[in-house]
Amino acid sequence: MRAVNAVGVWGTGRYVPERVRENAEVAGTVGVTPEWIAERTGVRQRHVAADGQAASDLAAVAVRRALDSAGVPADRIGLLVCATSTPDELGPATACRVQALVGAVRAVALDVSAACSGWLFGTKVAHDWLRDADGPMLAVVVGVEAYSKFVDPTDRATAVLFADGAAATVLGPVDPPGGLGGFRLGSDGTLADRVLIPAGGSRLPADAKTLAAGEHRIRMDGRFVSRFIREAFPRMLHETLGAHGLTVADLDHVITHQPNPVLLHRLAEESGLADRMTVVGDGVGNIGAASAPYALATAHAEGRLHPGDLILLTVFGAGMTWGSALLRWSGDHHPLGKERSS
């Protein structure tokens, strides 16, 4: 019987557009002060894609940087998963656009749609794909959002939080005990109307009425989402630790979705993880499916991840969706090390 592969992270990459929208610019359009935004959300600035930049353009930069980090060319990738809720178009998959941009000519390309949870859902797809692969194979999972194209600049609930960005991970075989495991994913479709873009799909196709009503913009019940996260995070933390006989003290890092830095700092304090949670939302805002991998890429780039470190990954998003997993960081050593430069 063929042994399954342990799958871990070979490289990471991140990208945010050049244009920065400070709190002072946002505050005037939503009727609050810059200080109010900072105190309530913790977000200081967010990045905004240029008029000609689509989600695939942002994702392609992050993927190239992740490939550089891993030391592998694009034609080594066998699977490319793109997680986004702001695709280039309803079809084809944005992953196909990214594939063409980066030259991943051998990759199977597909999208995963799970809103802000998308990157971890996509990582589960890639993990299982690679574990069952017949021979060595690599995958890329990229989370990307171009939320600025869909935000109502006068809506306080969304305009102060949502922004644009992308982050990617290269996944491949690693030596045990390194790698990913302990995935726990969930969804509750009865809550789908709490965060959504109402129009533009098959339920409400685009027409003059939907455009006039602003139904192509993101709508969010902010109070509900905050309550949902406050319940979901500690539940995922304790369920994951309990399932593996671990305690909070066993965790070296926590990488989570970044909906609101103030909320994250509060959750970290309450869970005894204040010194181990990577928070990046203050500088980039909520970049949806890119948030968690952006935090992971940031921790990696800043040299905070060391071989053997145990990382808790947690996500939550529209749908409503949520998920968690464990990642034992394997560093720069991989079983295919000699092949990486080929």
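Now for a description of the structure that goes with this document. What you see is a predicted model; the values in this text were computed from it and never measured. (Residues numbered from 1 in each chain as written. Predicted model: local features only at pLDDT ≥ 70, side-chain atom pairs only at ≥ 80, totals over all residues. Heavy atoms only, no water.)

1. A few points about the packing of aromatic side chains
Across all of its chains, the model carries three aromatic pairs by this definition. Relative to Phe162, the ring of Tyr147 lies with its centre 4.7 Å away and its plane at 70 degrees, an arrangement referred to as edge-to-face. Pair noted here: Tyr147 is in the loop between β6 (138-146) and α6 (156-159) and Phe162 is in the loop between α6 and β7 (164-173), with a separation of 15 residues, a long-range link. An aromatic cluster is present here, built from Phe224, Phe228 and Trp322 joined pairwise through their rings. For the cation-ring pair, Arg235 lies above Trp322, with the distance from its terminal atom to the ring centre recorded as 5.3 Å. (Phe/Tyr/Trp six-rings, centres within 6.5 Å; stacked < 30°, edge-to-face > 60°. Helix = DSSP H or I, 4+ residues; strand = E, 2+ residues; numbered from the N terminus. Lys NZ or Arg CZ within 6 Å of the ring centre and 35° of its normal.)

2. Let's talk about the pattern of salt bridges
Summed over the entire model, instances satisfying the criterion amount to 11 salt bridges. Residue Asp282 is joined to Arg44 by a salt bridge in which the shortest nitrogen-to-oxygen separation is 3.5 Å. A residue pair is termed long-range when its members are at least 10 positions apart, and Asp282 in helix α10 (residues 281-284) and Arg44 in the loop between α2 (34-41) and β3 (45-48) qualify at 238 residues. What makes Asp282 partly exposed here is its relative accessible area of 26%. Across the salt bridge formed by Asp193 and Arg194, the nearest N and O atoms sit 3.7 Å from each other. Classification of Asp193 by relative accessible area gives exposed; the value is 52%. (Salt bridge = Lys/Arg side-chain N within 4 Å of Asp/Glu carboxyl O. Buried < 20%, exposed > 50% of the residue type's maximum accessible area, 1.4 Å probe, protein only.)

3. Points about a nonpolar patch on the surface
Taken together, the side chains of Val108, Val125 and Trp129 define a hydrophobic patch exposed on the protein surface, amounting to about 220 Å² of accessible area. Relative to the elements of secondary structure, Trp129 occurs in helix α5 (residues 118-131). (Patch = residues over 30% accessible without salt bridge, like charges linked within 9 Å, V, L, I, M, F, W, Y side chains within 5 Å. Areas by Shrake-Rupley, 256 points an atom, 1.4 Å probe, with all protein chains shown as cover.)

4. Description of the environment of Val63
Within the secondary structure, Val63 sits in helix α3 (residues 55-70). With 184 residues separating them in the primary sequence, Val63 and Thr247 have C-alpha atoms 34 Å apart.

5. A closer look at the sheet that holds β6
If you walk across this open sheet you meet the five strands as β1-β7-β6-β4-β5, and the pairing is mixed. Pairing within the sheet leaves two strands with one partner each, and these edge strands are β1 (7-15) and β5 (108-112). Neighbour-to-neighbour, the strand axes of the sheet open up by a mean angle of 20 degrees, direction not taken into account. Direction of pairing for β1 relative to β7: antiparallel, over a ladder of eight bridges. In the sheet register, Arg14 faces β7, and the bridge partner there is Ala167. (Pairing = 2+ DSSP bridges. Axes fitted to C-alpha atoms, helices over the stretch in contact; angles between N-to-C directions.)

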